[in-house]
Amino acid sequence: MSEVNTMTASKSHAYFTPKDYLEIEKISPIKHEYMQGQILAMAGASKAHVIITGNLSAQLINHLRGSGCLAFATDMKVRLPSLNIFYYPDFAITCDERDRVSEEDFILHPQVIIEVLSDSTAAFDRGDKFANYQTIPELQEYLLIHQQQVLIEQYQRQSNNLWIPHIYQAGDLITINCINFSCPIEILYQNLEILS
């Protein structure tokens with residue numbers, strides 16, 4: 001979400017329930033996130049953001065085929081009921097049967113969440129949003145993918161709820177342990193070089 005949209009939304013004193021939000025989102029032509037009664041419009045994505053998300057989708061959807069896990073890119077909400085929040089992560093993976101059988105327009109139990117950073121969202125994705133995602137008991141790995149350089153920040157949950165950081169750079173093999181996935185980091189950045 002962009003800072004401009006957050007400021008605009010915060011000027012509105014209307015309170016929306018989660019049910020109101022889900023009904024509005026079904027008919028809205030644009031996506032919104034929901035934070036404790038406020039509905040916040042999301043900014044559009046850059047070409048680089050869309051290319052990285054597409055590359056990620058191609059790799060992970062193929063990898064997860066037949067595993068019982070589901071990968072969702074950009075348009076699936078993650079609900080954080082204890083905080084009264086809905087987010088649209090750039091990518092989420094759930095292996096939880098409750099998410100597979102649910103008829104809701106959101107998931108509750110992702111194991112992996114991935115965000116592609118932009119200048120307007122980087123601080124939020126790394127700070128408050130990450131802290132909020134940590135309330136999901138099933139979440140094992142959180143990744144932040146930079147657009148401007150070949151760089152990925154990964155945070156892995158340990159048994160004592162400590163999050164261990166790892167940095168991947170050019171030439172590295174990126175690994176998402178909880179789904180037994182690995183690939184050269186450059187694959188996620190393919191075709192960015194042809195943007196002018």
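Residues numbered from 1 in each chain as written. Predicted model: local features only at pLDDT ≥ 70, side-chain atom pairs only at ≥ 80, totals over all residues. Heavy atoms only, no water.

**Q** It is not clear to me how the overall build of the chain should be interpreted in this structure. Could you clarify?
**A** For the chain, the helix and strand inventory stands at 6 helices and 13 strands. A globule of 196 residues ought to have a C-alpha radius of gyration of about 16 Å, and the chain, at 17 Å, matches this closely. Viewed in the frame of its principal axes, the chain has a C-alpha envelope of about 50 × 40 × 30 Å. Split into buried and exposed, the 196 residues of the chain put 43% on the buried side. Long-range contacts, defined as pairs at least 24 residues apart, comprise 54% of the intrachain contacts of the chain with a sequence gap of at least 6. Computed over 13 positive and 23 negative side-chain charges, the inter-centroid distance for the chain is 4 Å. (Helix = DSSP H or I, 4+ residues; strand = E, 2+ residues; numbered from the N terminus. Rg over C-alpha atoms; globule rule 2.2 N^0.38 Å. Buried < 20%, exposed > 50% of the residue type's maximum accessible area, 1.4 Å probe, protein only. Contact = heavy atoms within 4.5 Å. Lys, Arg positive; Asp, Glu negative; His and termini not counted. Charge placed at Lys NZ, Arg CZ, Asp CG, Glu CD.)

**Q** Honestly, the state of the cysteines in this entry has me stumped. Any pointers?
**A** In protein chemistry, a disulfide is the covalent bond that joins the sulfur atoms of two cysteines. One pass over the full model with this rule turns up 1 disulfide. A disulfide bridge connects Cys69 with Cys95, and the sulfur atoms are separated by 2.0 Å. The disulfide joining Cys69 to Cys95 has a torsion of about 105° about its S-S bond and is therefore right-handed. Here Cys69 is found in the loop between helix 3 (47-64) and strand 3 (70-73), whereas its partner Cys95 is found in the loop between strand 6 (91-94) and helix 4 (97-101), with 26 residues between them in sequence. (Disulfide = S-S within 2.5 Å.)

**Q** Explain the nonpolar core here, please?
**A** Where a protein is soluble and globular, its nonpolar side chains tend to be buried together. Core analysis: the biggest nonpolar cluster contains 24 residues, and Leu60, Ile114, Ile145 and Ile152 have the highest contact counts within it. For this core, the secondary structure elements donating two or more residues are helix 3, strand 6, strand 8 (112-116), strand 9 (141-145), strand 12 (173-176) and strand 13 (181-184). If we ignore the near neighbours within four places in the chain, the residues touching Ile114 are Leu56, Leu60, Pro89, Asp90, Phe91, Leu143, Ile145 and Ile176. Grouped together as the second largest cluster of nonpolar side chains are 18 residues, Tyr87, Ala122, Tyr155 and Trp163 included. (Core = buried A, V, L, I, M, F, W, Y, C linked by side-chain atoms within 4.5 Å.)

**Q** Can you help me understand helix 3 in this one?
**A** Think of an α-helix as 3.6 residues a turn; residues three or four steps apart then line up on the same face. The end-to-end C-alpha distance of helix 3 is 26 Å, a good match for the 26 Å that 18 residues give at a rise of 1.5 Å each. Every buried residue of helix 3 is listed here: Ala48, His49, Ile52, Thr53, Asn55, Leu56, Ser57, Leu60 and Leu64. Where helix 3 is buried, its residues touch strand 3, strand 6, strand 8, strand 9, strand 12 and strand 13. Gly66 occupies a position one or two residues after helix 3 and carries a positive phi of about 80°. (Expected span 1.5 Å × (residues − 1).)

Bear in mind that shape data such as this cannot, by itself, settle questions of function.
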